[in-house]
Structure formats: structure tokens, C-alpha cells
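So you can see what is in the structure, the chains are spelled out below.
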Amino acid sequence: MYDFPVISESFLSSLNDEAKSILYDLQAKLAQKKESPSVVSSKILPVLSQILPDWLTESEHDELGDYITNVVIPYLFISKHFDQFPKPALPILDKEELNKQDALPDHYRGLLYHDWAPKPEDGTSVFITGYDERGGDNKQKRIYYSAVTPNLYTEKYHSKVSSYFEELLSSSNASTTDSPKPLMRIYLDTYFGLYWDLHLGIADPEQDYKDIGTSFNAVLAYGNPLNETFFDNYMRVRELREGLGKWVEDHLESAAQDPTTFVYYWSKNEDEDFQEKDIVFECFHNFVAFSQWGHTIHKIIELLSENEHVKGLFQLTMQNPDGLGYESFTNLDLFVMELFRYTYPNDGSISKQLDEKYGYTKTSHVDEEGSTIHWTDPTQFNPDRYAEKKPPLSNSVDEQMCTQVGLAQCPFHKTNFSVSSKDDGTINLTNSGFGTVYSETDPVIDYAGYAPFGYGYRRCPGEQFTVEVIKDFLKIVHSRGINFEKLEIEEPEKVPLAPGALPDDVFGFTIT
């Protein structure tokens, strides 16, 4: 999800010999946990004097010192190991070696925590919690998932999502020859109304609670603490963060009475492993997870603007979108799943290296060009691949299958967990032998060749919800005769959509 640099040779070449020596020495000591960040902060001053931009050294912000210590320095010393953990042959991540505990690059922690460091007693998110800290059998994830299970979408959420996309793709936002209208800026300016409506049932929150989400996304998109836009948005998040938490807390009671909100189901299912403080935390940590919607939509628009093959398959799919294509998956399900497999808006799973101060790994989700371990045609867009290959579903990954693929036993034993769901009923959330959590009535493809949402116990609990959201988007695109096109714009705006995603805003639409 995140992309961040290490100390590169090009960066080092810009420094004098003394600065290089200091950096190498501190990097080694940090990796061995022999120096604390505060000590590093004092020793790195000769280097910082060479690299800090004037706008930052001249800043009078009262948190400037903390920013340099907790953001700039970790950014310089982060180590990452992409090649160490390539895409798995089976959809499994090791619970110990690839640990999810605090798996957030250190220079982003100030976005979530007032004191710049994790503070679980004030709440946490399943996305940055290790398996052993989630309660038995991945319970924290199951409770999170209880709010976004497939059985809820049509009745509880579809109306909100489709209404949003109908407005986004209305004629007032269409481009004309004389008035090109880039779409993603319109999306960013309106998206947080939908975000808070889904979480709390508030479709038109005060501007501050939209602004903090916009600034959060901008920090993740720009990614460089030495960038002035990054700094300004980082500090805006910190300015608004405490007030946001109180605002969410003030609206929990009303949201807990509204079955068209996530909070309703989280509140019904909360326990010692998913408490009210965690509900509050998830409500703003989802800025990260849900930012992928914008990134995904942008990639889809680009494909439907420029790729005739994908456009043709889209039109073919929409001739019978609800027909079954493979097992319980409809033709439109498979088209959307292939969009995710093909575009990978989230290209990897971040893990914390517990033996390194600023160490992280990223396990690839991507079918790299030329890799034919899982597919013979990984670089082709082909929604029929699932019916042709017949990859296993999560409800078929049991002890027998695990032994068939050469394992002595399943890495995760199947367990069941009943949660409150719609209309005061319950549903059973279970898991596959690879650790994938799913609703017993709605299995997912449990195959490493389809991993845009991650692997096993780490697989994103919002996967099926996101598929439904994109299906609604595409249904409106088709029903309204939307044609996406690349606009002629001399100086396009760069739009901060998601971690590492800062594309030019150059696509709009017309209506036929």
C-alpha cells in the first residue's frame, strides 16, 4: 500500500563525506536498535543542514522539531525488502515473519497518534494489528467484516453508493468541447460525504471532517516529508485529528441505531477485542483503506478511455451482467475481479520487520510480467480466466486440499464465529485453511493468482464490499451511456488519490 524510499546512492552522492559517514553509521545502529530516534536526531544535524529545504528550516510551526524527529528522520532511515518476499505460490502469509503489528511506516504514525507513537489503549485498527493480538481465530477481523458482508450490501448500502455515483456521473459533470471537466477532482471534493454516510449516517458533515480525509490522502499520495505539500497536509491532519475523534464519539450512539452504517454492526458485535475505542479508530483509519476506491476508479476510467479490448469486453459483459460466470460469481463479478487483478490499485502487503528499527517488507500482490506460476497469460485482461482455470474457493480449502498441495496440515484450522447481521439475524463467519475469513454463504476465490486484496489471514475484509461498489459504478456508466476520454489540458492538476498515487487529472466523460 505504501511506497517509501531508502537512502539511495543518488541521494548519498549529493552529500559530503562527513554526512555520508554519519548516515551510514546511524543506519547501522538503528538497524541493530543501538540508537534511539532522539539520539539520532541530535547526531544527524550535520546531514540535515544539507538536505532540509529552506521552507522547512524557516518554518515557525510549533511542532517542527517533532516533525523532523518523528517524520523526516524515519523517512531517511527506513529499510524495505521487496525482493525478500515475492508473490507467494499459495495465498498464505507467515504470522510471525510477516508481522502486521504496527505495520505502518514510522513517518506516518503522527497522522494517527497525537504522541507520534502507537497507543493501543486509545484504540487500534485490524489493519495494523498482529494476528496474535486480534483475539482468538482472527476475531478482530471478523467483527470488522461483520459490517461489510455481502448479505448487507443490496439492502443497506446500495442506495447510498449508487446515489453518489449517479450524482458524480450526472450531466452537470460531463465535459464539452468548450468546457473540459477532469473527473477525479470532482470525486475528491465529494467523496467524503459518501464516506461519512457509510460510517456514521452523516452525508453532509462539517467541512473540517471532509478536509482531514483529503489531507490524509494527500500525505499518503505525496509520500515525501521534504515536500511542502506533504508537510502542510500532515500538520493539517494533526490539527484536526483530536476534534475528529470527539466528533465520531459524539455520533456513535445515533449511528448505532442506523442499520445503514458500519458503526451499527460494529456496535452490535463489539467485545473485548473490538471495543468502542477501536470503532472510533477504524472510522478514521479507513481513510487509508477506502482511498483505494479513487485509485481504482481512476485506473478503470483510464482503461475504458484507452483500451479497446477492455472496452469491448465491458460491453459484452453488460449484455448479461447477472448471468453466472463461475460458481456463484456473475459475469459482472468476474469482470470487476479481473479489473482488480489487472490493475492492482494496492500492489502489496506491508509487514513490520521486528528485528529492525525502521524495517518493513512488502509482499507483492502483482502478477509480474512473464510470471506464469498462476496464469499462462498474466498480462492479458481476461475475465474468462476464472471459469477456464477453476481456481479453488475458500470453502474448498480444507485439510484434504492442504495435504494435496504438499502441506502437512492446514496453516489455519477452520473455526466459526457467529455475528449479528441484518434484521437482527446472524450469519456465520468462518475461514479457509489458508486463513481467509469469509461469510459461510459467500465464499471467495482463495488462490494466489487472484490477490489484489492480499493473502490469507491478512486478506482485506472490505474486498467483497469494494467489488459491489465498483459494480454499481460500472452499472451507472453503462446505463447512462458514459464515454470516458482523455482531455486536452495544458497543465493538469495532480490529484492525491491513494498511497503513492498522484496521477494527472486528465480524464473526463461525455454522455451519448
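## Considerations on the overall build of the protein
- Within the protein, the secondary structure is distributed over 19 helices and 10 strands.
- A buried classification covers 58% of the 512 residues belonging to the protein.

## Details of the packing of aromatic side chains
- Taken as a whole, this structure holds 48 aromatic pairs when the rule is applied.
- Relative to W266, the ring of F262 has its centre 5.9 Å away and its plane inclined at 50°; by these criteria the two rings are tilted. Taken as a pair, F262 and W266 lie in helix α13 (residues 262–269) at a separation of four residues, close to a single helical turn. Each member of the pair, F262 as well as W266, carries the same accessibility label: buried.
- We note R238 situated over the ring of W116; from NZ or CZ to the ring centre the distance is 3.8 Å.
- The aromatic ring of Y360 is capped on one face by K352, whose charged end is 4.9 Å from the ring centroid.

## What to know about the pattern of salt bridges
- One pass over the structure, following the stated rule, counts 28 salt bridges.
- Between K311 and E308 there is a salt bridge, and its shortest N-O distance comes to 3.3 Å. One end of the pair is K311 and the other is E308, both in helix α15 (residues 308–317) and three residues apart, which spans about a single turn.
- One salt bridge connects E463 with R459, and the closest N-O pair in it is separated by 2.5 Å.
- Classification of E463 by relative accessible area gives buried; the value is 7%.
- Relative accessible area serves as the criterion here: at 6%, R459 is assigned to the buried category.

## Digging into the state of the cysteines
- One pass over the full model with this rule turns up one disulfide.
- The disulfide partner of C402 is C410, and the S-S distance across this bridge is 2.4 Å. With the S-S bond torsion at 100°, the cross-link from C402 to C410 turns out right-handed. C410 carries the same exposure label as C402, and that label is buried.

## Let's talk about the packing of helix α10 (residues 183–200) against helix α11 (residues 207–222)
- Packing of α10 against α11 leaves a shortest axis separation of 9 Å and a crossing angle of 115°. Taken as a pair, α10 and α11 cross one another with a handedness that is right-handed. Every residue of α11 that contacts α10 at L188, F192 and W196 is listed here: Y209, K210, G213, T214 and N217.
- Across the contact of α10 with α11, the residue classes tally to four nonpolar, three polar and one charged.

## Regarding unusual backbone geometry
- Unusually for a residue other than glycine, W116 sits at a positive phi of about 70°.
- Following the sequence through the fold, W116 ends up in the loop between α7 (109–112) and α8 (139–145).

## A few points about the sheet that holds strand β8 (residues 437–439)
- The antiparallel open sheet is built from three strands, whose spatial order is β6-β7-β8. Strands with a single pairing partner mark the edges of an open sheet, and in this sheet they are β6 (417–420) and β8. With direction set aside, neighbouring strand axes in the sheet form an average angle of 35°.
- Strand direction decides the pairing type here: β6 and strand β7 (residues 426–431), joined by four bridges, are antiparallel. Residue pairing across strands places F417 opposite L429, the latter belonging to β7.

What counts, and at which threshold
- Residue indices begin from 1 for each chain and proceed along its sequence in written order.
- Only residues with pLDDT of at least 70 are given local features in this predicted model, and only at 80 or more are side-chain atom pairs given and counted; all residues enter the totals for whole chains, interfaces and linings.
- Side-chain measures here rest on the full set of heavy atoms in the structure, leaving out hydrogens and waters.
- Numbered from the N terminus, helices here are DSSP runs of H or I no shorter than four residues, and strands are runs of E no shorter than two.
- Think of it in three bands: with a 1.4 Å probe and only protein chains considered, a residue is buried below 20% of the maximum accessible area for its type, exposed above 50%, and partly exposed in between.
- Pairing of aromatic rings covers Phe, Tyr and the six-membered ring of Trp, with a centre-to-centre limit of 6.5 Å; geometry is then stacked below 30 degrees between planes, edge-to-face above 60, and tilted otherwise.
- Each ring is checked for a lysine NZ or an arginine CZ that lies within 6 Å of its centre and within 35 degrees of its normal; such an atom marks a charge sitting over the ring.
- For this document, the term salt bridge refers to a Lys or Arg side-chain nitrogen within 4 Å of an Asp or Glu carboxyl oxygen.
- Any two cysteine sulfur atoms within 2.5 Å of one another count as a disulfide.
- To obtain each axis, a line is fitted to C-alpha atoms, and for helices this fit is confined to the stretch in contact; angles are then taken between N-to-C directions over 0 to 180 degrees.
- Note on convention: near helix rotated counterclockwise from far helix by under a right angle means a left-handed crossing. Clockwise means right-handed.
- By definition, residues are in contact when any of their heavy atoms lie within 4.5 Å.
- Residue type decides the class: Asp, Glu, Lys and Arg count as charged, Ala, Val, Leu, Ile, Met, Phe, Trp, Tyr, Cys and Pro as nonpolar, and the leftover types, Gly among them, as polar.
- Pairing between two strands is assigned when DSSP locates at least 2 bridges connecting them.

Geometric values such as these leave the question of function open.
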